[in-house]
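# Fold and geometry: a report
Here is what each chain is made of, one letter per residue.
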Amino acid sequence: MRTYAIPLVPGPTTVPAEIRAAYQEDYGSADLEPEYYELYAETQEQLRAILGTRNAVVIMTGEAMVVLWGALKSVLRPGDRVVAVATGVFGYGIADMARRIGAEVEVVGFAHDEAADPARVEEAIRRVRPKMVTTVHCETPSGILNPVAEVGALVDRYDVPLFYVDAVSSAAGVPLRVDEWRIDLCLVGTQKCLSALPDLGIVTVSERAWEIVREVDYAGYDALGPFRTALEDRWFPYTPSWHALAALNVACWRVLGEGLENVFRRHEEVAAYCRERLKAMGLRLFPRREEWSSPTVTAVYVPEDVPWPELDRRLRARGMGVGGSLGPLAGKVFRIGHMGAQADPELVRRGMDVLEEALAEARR
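Residues numbered from 1 in each chain as written. Predicted model: local features only at pLDDT ≥ 70, side-chain atom pairs only at ≥ 80, totals over all residues. Heavy atoms only, no water.

Let's shift gears to the state of the cysteines. Counted under the stated rule, the structure contains zero disulfides. For the unlinked cysteine cysteine 138, the closest cysteine sulfur is that of cysteine 193, found at 7.7 Å. The cysteine cysteine 274 is free of any disulfide, with cysteine 138 supplying the nearest cysteine sulfur at 13 Å. According to the relative accessible area criterion, cysteine 274 is buried, its value standing at 0%. (Disulfide = S-S within 2.5 Å. Buried < 20%, exposed > 50% of the residue type's maximum accessible area, 1.4 Å probe, protein only.)

Shown next as structure tokens:
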């Protein structure tokens, strides 16, 4: 399907018309016009409010992976010790990324159906004394929200230089307090709860992180270093996308205009409704304990009597898009993305009605 009549994929999410409209203006050269730099500064402030930080905010052209990689390469050297907290595909993936840079990585691994246990994380930090701790706030493939605040408290207690958090699927959908949780590098994408296109990567950078960026002195397209003074110097390391920044600005205004607490409440209420409907259909939720589930995505076991390819085909025939899962959960779990513009009560109600119809038809 080119478009979804009922879009409930776990990202990229449906993009509201007012955000798409930002791409219709014929902007000039971002390198030359002061309005671009003013927009960049304004959007940084919006993101600071959404993410709960006074740290620097870097906005890079490229999908979120550009900052996931760029932040790691900008602060790690071969031999640096990393504790990677992993509860799913992306947590284990970040560990692999750090290894490719040459870091010595200790994985504090958990099953894909459980959230991280801070007690085990503390033991690893105390033993390894790492330069960096990494974790994923919302593991989208399994629908788990990890206890980032508790891990951040451990990072602070043991004076770990860097805390790296993938918040791609949580930022602007659930509370995120970068400064309070002592996050040094918070990684965000535009295509999830912000409901913009997948064309910008965002990272908050603490003063501790900037000092390490300066020491490592990584040079590459995705390097953070050149962004430290890019705004004041009026010189970005490569051609910026004015259109993408304008769209992100609109997306941020949508979130802030609704009010953060209202946004978080909407996600919680829609998630609760979705899960009650699924349980009423006799479906089994994933992960093992419902309190670990993220307000932005619901993971659910594929029913034993309706294989995933068949269920997916029947949903698509009705114009509904949901997501399968990845890695060891592929074919076993599917995911409903109620994040950003998709955290809409009427949309999720229609989706649950369609799912109920598709299951009933398949079981006749």
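That covers the picture; the talk isn't over yet.
The sheet built from three strands is open, its strands ordered 11-12-14 with antiparallel pairing. Two strands in the sheet have a free side with no partner beyond their single neighbour: strand 11 (285-286) and strand 14 (333-337). In this structure, strand 12 (residues 297-301) lies alongside strand 14, joined through five bridges in antiparallel fashion. If you follow alanine 299 over to strand 14, its bridge partner there is arginine 335. (Pairing = 2+ DSSP bridges. Helix = DSSP H or I, 4+ residues; strand = E, 2+ residues; numbered from the N terminus.)

Turning next to the side chain of threonine 43. With respect to the element layout, threonine 43 can be found in helix 2 (residues 34-51). Among residues more than four places away in sequence, those in contact with threonine 43 are Ile59, Leu245, Leu248 and Asn249. (Contact = heavy atoms within 4.5 Å.)

Attention now goes to the pairing of strand 8 (residues 162-166). With five of its five residues buried, strand 8 lies for the most part within the structure. Residues of strand 8 alternate between two faces, with Leu162, Tyr164 and Asp166 on one and Phe163 and Val165 on the opposite face, all of them buried. Pairing between strand 5 (residues 132-136) and strand 8: five bridges, direction parallel. Pairing of valine 136 across the sheet is with aspartate 166, part of strand 8. The pairing of strand 8 with strand 9 (residues 185-189) spans three bridges and is classified as parallel. Residue valine 165 lies in a different strand from strand 9, and its bridge partner there is cysteine 186.

A few words now on the packing of helix 3 (residues 65-75) against helix 7 (residues 207-216). Running from N to C, helix 3 and helix 7 point in directions that differ by 70°, and their axes come no closer than 7 Å. On the basis of their axis angle, the class for helix 3 and helix 7 is roughly perpendicular. Along its contact with helix 3, which presents Lys73, Ser74 and Val75, the element helix 7 presents Ala209, Ile212, Val213 and Val216. Along the lines of polarity and charge, the residues of the contact of helix 3 with helix 7 split into five nonpolar, one polar and one charged. (Axes fitted to C-alpha atoms, helices over the stretch in contact; angles between N-to-C directions. Parallel < 35°, antiparallel > 145°, perpendicular 65-115°, else oblique. Nonpolar A, V, L, I, M, F, W, Y, C, P; charged D, E, K, R; others polar.)

Within the structure shown, the criterion is met by 12 aromatic pairs. A ring pair is formed by tyrosine 221 and tyrosine 238, whose centres lie 4.2 Å apart and whose planes are at 15°; its orientation type is stacked. Remark: tyrosine 238 occurs in the loop between helix 8 (230-233) and helix 9 (242-258) and tyrosine 221 occurs in the loop between helix 7 and helix 8; sequence separation between them is 17 residues. The exposure class assigned to tyrosine 221 is exposed, which follows from its relative accessible area of 52%. Since its relative accessible area comes to 14%, tyrosine 238 is described here as buried. Each residue in the set Tyr27, Tyr36, Tyr37, Tyr40, Tyr221, Phe227, Phe236, Tyr238 and Trp242 is aromatic and connected to the rest through ring pairs, giving one cluster. Between arginine 120 and the ring centre of phenylalanine 110, over which it is positioned, the NZ or CZ distance is 4.3 Å. Directly above the aromatic system of tyrosine 301 lies the positively charged group of arginine 284, at a separation of 3.8 Å from the ring centroid. (Phe/Tyr/Trp six-rings, centres within 6.5 Å; stacked < 30°, edge-to-face > 60°. Lys NZ or Arg CZ within 6 Å of the ring centre and 35° of its normal.)

Now for unusual backbone geometry. Residue glycine 11 is joined to proline 12 through a cis peptide bond whose omega torsion reads -10°. Relative to the elements of secondary structure, proline 12 occurs in the loop between strand 1 (6-7) and helix 1 (17-20). Cis geometry marks the peptide bond from phenylalanine 286 to proline 287; its omega dihedral reads 10°. Secondary-structure assignment places proline 287 in the loop between strand 11 and strand 12.

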